[in-house]
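# Analysis of the macromolecular model
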Amino acid sequence: MNILYTNYHSNTTIGGHTIYVVSLLRALAQRHRLTVAVPDGSSLHRLAGDVPGVHVVAQNYPSRLGKRLAAARSLRRVILSRQIDVVHVNGSSDHRTVILACMGMGKRRPRIVLTKHNDIPISYLGAALRTRVGTDHVIGVCDFVERMLRASPYAARPVSTIANGVDIERYAPWPAERARAARDQLLGVHAAKCSLLLGSNAGTNAYKGWMDMVRAVAQLGPRAAGVYIALAGAAPEADQMQEVQALGMADRVIFAGMLDDVRPFLAALDLGFVLSYRVETISFACREMMSMGLPVIVSDQGGLPENISVGVDGWIVPKRNPEAVADVLAGILDDPACIARMRAAARDKSVAEFGLDQFARRTEEVYLSLA
């Protein structure tokens, strides 16, 4: 099949949308003719170009109608020249542009698949229009999102729940000696003082809730003297850094920066966390951490709890509740041996449920159902 992937994000950071599409490209490129139309300079434009056999086109998805019409004409040329059978859209902005690009094609119109990646409320009127004129199948990335879709106009089309998958061979626990070297490199001069390293590769946006982990560790006082926090992502905002300093945590929060490959970072950790309080659904970051054998503390936001068996491979806490996080950490400090047990359980669950093969196969089945 000739499949086109679209995504409106122009950011250079590697977010969930980028990982989602690149994972499908790597899994399906040998069986299908794949094209990606995304903004030039975006992380997806860069990484898609590294996948053998994938054709990458620079394409913007502007919000203003006049510019959107021009973008739609450009995208229409791609659809016709590449003889696209299925367009897989990943947000409202690219969905609208794809619908405009396909207007008047009649039987030549490619089938349109939408994946909803977030927990943002669905606009009834917008969804009703897009369902009527340009949606053939809808994918939710977790049960939480599926419930949103089935309560919206998108329920008039087939709805599938296909949870994000990770490459469990690529994201696998590292041997102890190699992991220790990664830890020493990440912590530098702090390595000898660290008895417990918490971390997250979910990003440093405020809504990711990482400050709640900093607050929780600070609340524990002297008993958490050896607890350090590591974060992968963009540099935090100034007000966040001011609070970190005010809490006396500046020396115990390590910022690793933007990482194309997060595996050395994850290998250094003892356990992970994703404490988001909005937007979040199933979280690639959470599944990557668990696949590398890390138990994870998650908030009860969106689909995050769907990853965790409480007390077996992680913990679930109320969102925006540093006190609850502190309680979990206190329990871990009282029973540090629990980490080793839960590491094995997190990896076992990943192998059983989070694999890339199942994710790609079920998505491919959606495409084939529309052929």
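The paragraphs below set out a description of the structure included in this document.

## Some words on the nonpolar core
- Tyr 5, Leu 25, Leu 197 and Leu 266 are the most contacted members of the largest nonpolar core, which has 90 residues in total.
- Residues within four places of Leu 266 in sequence aside, it is in contact with Tyr 171, Asn 201, Glu 288, Met 289, Met 292 and Leu 294.
- Residues Leu 196, Trp 210, Val 317 and Val 325 belong to the second largest nonpolar core, which totals 32 residues.

## Concerning the packing of aromatic side chains
- The full count for this structure, using the stated rule, is 3 aromatic pairs.
- With centroids separated by 5.3 Å and ring planes inclined at 65 degrees, the aromatic side chains of Tyr 20 and Phe 359 adopt a geometry described as edge-to-face. Here Phe 359 lies in helix H14 (residues 356-370) and Tyr 20 lies in helix H1 (residues 16-28), a separation of 339 residues in the sequence. Neither Tyr 20 nor Phe 359 differs from the other in exposure class; each is buried.
- Seen from their ring centres, Trp 210 and Phe 255 are 5.8 Å apart, and the 85 degrees between their planes marks the pair as edge-to-face.

## What about the sheet that holds strand E10 (residues 253-257)?
- Within the open sheet, the 6 strands sit side by side as E10-E9-E8-E11-E12-E13. Their pairing is parallel. Edge positions in the sheet fall to E10 and strand E13 (314-317), since each of these pairs with one other strand and no more. Ignoring which end each strand starts from, the neighbouring axes of this sheet average 20 degrees apart.
- The strands that helix H12 (residues 322-334) touches are strand E8 (196-200), strand E9 (227-232), strand E11 (271-274), strand E12 (296-299) and E13; relative to E13, the one it contacts most, it runs at about 155 degrees.

## Observations concerning the sheet that holds strand E4 (residues 86-89)
- One open sheet accounts for 7 strands, arranged E3-E2-E1-E4-E5-E6-E7; its pairing is parallel. Strands at the two margins of the open sheet, each flanked by one partner only, are strand E3 (55-58) and strand E7 (159-161). The sheet shows a mean angle of 20 degrees between the axes of neighbouring strands, taken without regard to direction.
- The pairing of strand E1 (residues 2-6) with strand E2 (residues 33-38) spans 5 bridges and is classified as parallel. Looking at the pairing, Asn 2 lines up with Arg 33 of E2.

## Here's the deal with the side chain of Gln 240
- Assignment of secondary structure puts Gln 240 in helix H9 (residues 238-246).
- Given the relative accessible area of 8%, Gln 240 is considered buried.
- A polar atom in the side chain of Gln 240 sits 2.9 Å from the backbone nitrogen of Glu 237.
- In this view, Gln 240 contacts Thr 204, Asn 205, Ala 206, Trp 210 and Met 211; residues no more than four positions away in its chain are not counted.

Analysis parameters
- Residues numbered from 1 in each chain as written.
- Predicted model: local features only at pLDDT ≥ 70, side-chain atom pairs only at ≥ 80, totals over all residues.
- Heavy atoms only, no water.
- Core = buried A, V, L, I, M, F, W, Y, C linked by side-chain atoms within 4.5 Å.
- Buried < 20%, exposed > 50% of the residue type's maximum accessible area, 1.4 Å probe, protein only.
- Contact = heavy atoms within 4.5 Å.
- Phe/Tyr/Trp six-rings, centres within 6.5 Å; stacked < 30°, edge-to-face > 60°.
- Helix = DSSP H or I, 4+ residues; strand = E, 2+ residues; numbered from the N terminus.
- Pairing = 2+ DSSP bridges.
- Axes fitted to C-alpha atoms, helices over the stretch in contact; angles between N-to-C directions.
- Polar contact = N/O pair within 3.5 Å; in protein donor to acceptor, adjacent residues only side chain to side chain.

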